[in-house]
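What the coordinates show
If you want the building blocks of each chain, they are given just below.
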Amino acid sequence: MRTAAFFDLDKTIIAKSSTLAFGRSFYQGGLINRRAVLKTAYAQFVYLAGGADHDQMERMRQYLSDMCTGWDVGQVREIVAETLHDLIDPLIYQEAADLIAQHKQAGRDVIIVSSSGAEVVEPIGEMVGADRVIATRMVEEDGRYTGEIAFYAYADNKAAAIKELAEAEGYDLGESYAYSDSATDLPMLEAVGHAYAVNPDRALRKEAGTREWPVLVFTNPVSLRAKMANIQLPTKPVLAATAVGVGTAAAAGIVWYARRKKSGND
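Residues numbered from 1 in each chain as written. Predicted model: local features only at pLDDT ≥ 70, side-chain atom pairs only at ≥ 80, totals over all residues. Heavy atoms only, no water.

Details of the overall build of the chain
Going by this rule: Helix and strand assignments come from DSSP, with helices taken as H or I runs of at least 4 residues and strands as E runs of at least 2, each series counted from the N terminus. A 1.4 Å probe rolled over the protein chains alone gives each residue an accessible area, and that area as a share of the maximum for its type sets the label: buried under 20%, exposed over 50%, partly exposed in between. It only takes one pair of heavy atoms within 4.5 Å for two residues to be counted as in contact. Each accessible area value is a Shrake-Rupley result obtained with a 1.4 Å probe; residue values ignore everything except the protein chains displayed when judging cover.
A tally of regular secondary structure across the chain gives 11 helices and 7 strands. Burial analysis of the chain (266 residues in total) assigns 55% to the buried set. Considering only contacts within the chain whose residues lie at least 6 apart along the sequence, 72% involve residues at least 24 apart. For the chain, the accessible surface area stands at approximately 11900 Å², while carbon and sulfur atoms represent 46% of it.

And the structure:
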């Protein structure tokens, strides 16, 4: 049977939050205001310091629905395409790029599994040579986001999507691999035979110790263009899930900022 390697995106393949990274680009495109940009920058700091727990992710999901309602899908994709290389290229962990190359050389499919949106995840997946992505899908109508979320690629939903894809593609999950930094991805890590904690948050580090999962520390972001130049990229990536949610940068920023501010006032 075939095998695969499933990678979370943020703090696993790249050194920051992919969604938060586009805050300024969305501002320059007129999608969010300056106040939201400042909150997003602060949220990036909070995220890097401690990650996001379940409650924060749920608040992000709700705010995402409100924030992106009415946004033009084509405009968002264009903004991401124009700024992707400048924003993401320097953030790829060398260690992650090496792992991706090793898995591809071993004949495994590489799948990115992220709760971020497709306009962000799909092009990053293509950049790093991923064969597929699993990501959040938002409802579109007449070229605009309705604010409804069709599929939220988070927690148990990630694991369910992985199992569905494995059945369709004939992957042996018992011989497959998964990598993540967050305890919210425990269902995804439990779905495979070879689970790895990458730059784990406190809860995942504890679980990894209990389950005897290897812990990897990625510390060296490197230019994607330089590192991935020798990797064969798929000409037509097959995406397991598309239309990843947009506006997450602004959504996450305001949610985490508000939570942090409230805790500081209590």
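Let's pick the thread back up.
Things to note about the pairing of strand β5 (residues 177-180)
Our working definition: Only strands that DSSP links by at least two bridges are regarded as paired with each other.
Judged by which residues are buried, β5 turns out to be covered on both faces: Y177 and Y179 on one side and A178 and S180 on the other are all buried. The pairing of strand β1 (residues 4-7) with β5 spans 3 bridges and is parallel. Looking across to β5, one finds that A5 is bridged to Y177. In terms of strand pairing, β5 meets strand β6 (residues 194-198) through 4 bridges, oriented parallel. Within β6, the residue paired with Y179 across the bridge is Y196.

Describing the packing of aromatic side chains
The condition is simple: Whether two aromatic rings pair depends on their centres lying within 6.5 Å, for rings of Phe, Tyr and Trp, where Trp uses its six-membered ring; planes under 30 degrees apart make the pair stacked, over 60 edge-to-face, and the rest tilted.
On inspection of all chains with the given rule, the structure shows 6 aromatic pairs. Aromatic ring contacts, followed pair by pair, group F7, Y177, Y179 and Y196 into a single cluster.

Some words on the pattern of salt bridges
Operational definition: Whenever a carboxyl oxygen of Asp or Glu lies within 4 Å of a side-chain nitrogen of Lys or Arg, that contact is scored as a salt bridge.
Tallied over the entire structure, the rule returns 11 salt bridges. R2 is the salt-bridge partner of E169, the closest N and O atoms lying 3.1 Å from each other. Of this pair, E169 sits in helix α7 (residues 156-169) while R2 is found in the segment before β1, placing the two residues 167 residues apart along the sequence. For E169, a relative accessible area of 24% corresponds to the partly exposed category. A salt bridge links R77 to E122; its shortest N-O distance comes to 3.9 Å. Taken as a pair, R77 in helix α4 (residues 73-88) and E122 in helix α6 (residues 118-128) lie far apart in primary sequence, 45 residues in all. If you follow the salt bridges from partner to partner, you end up with R2, D109, R132 and E169 in one network.

A few points about the environment of K163
Structurally, the position occupied by K163 is in helix α7. A C-alpha to C-alpha distance of 7.5 Å links K163 and A191, two positions 28 residues apart in sequence. K163 has contacts with L173 and A191, leaving out every residue within four places of it along the chain.

What to know about unusual backbone geometry
Not every positive phi belongs to a glycine, and K11 is a case in point at roughly 65°. As for its position among the elements, K11 is in the loop between β1 and α1 (23-28). Note on K11: relative accessible area 12%, which makes it buried. A positive phi angle is found at N199, which is not glycine, with a value near 45°. Take N199: it is sitting in the loop between β6 and α9 (202-211). Residue N199 is classed as buried on the basis of its relative accessible area, which comes to 18%.

Quick word on α4
Under the convention used in this document: The angle between axes fitted to the seven residues ending at a residue and the seven residues starting there is what we call the bend at that residue. Contacts described as polar in this section are N or O atom pairs within 3.5 Å, which, within protein, must combine one atom able to donate a hydrogen with one able to accept it, while residues neighboring in sequence count only if both atoms come from side chains.
When the local axis directions of α4 are compared, the greatest deviation, roughly 40°, occurs at E82. Among all positions of α4, only V73, V76, I79, V80, T83, L84 and I88 are buried. N-cap assignment for α4: the residue whose side-chain oxygen lies 3.1 Å from the backbone N of G74 is D72.

Quick notes on the sheet that holds β5
Across the sheet, which stays open at both edges, the 7 strands sit in the order β4-β3-β2-β1-β5-β6-β7 with mixed pairing between neighbours. Each edge of the open sheet carries a strand with a single partner, namely β4 (144-151) and β7 (215-216). Where strand β2 (residues 109-117) lies against strand β3 (residues 132-141), 5 bridges are found, and the strand directions are parallel. By the bridge assignment, V113 is partnered in β3 with I134.

Nothing here speaks to function; it is all geometry.
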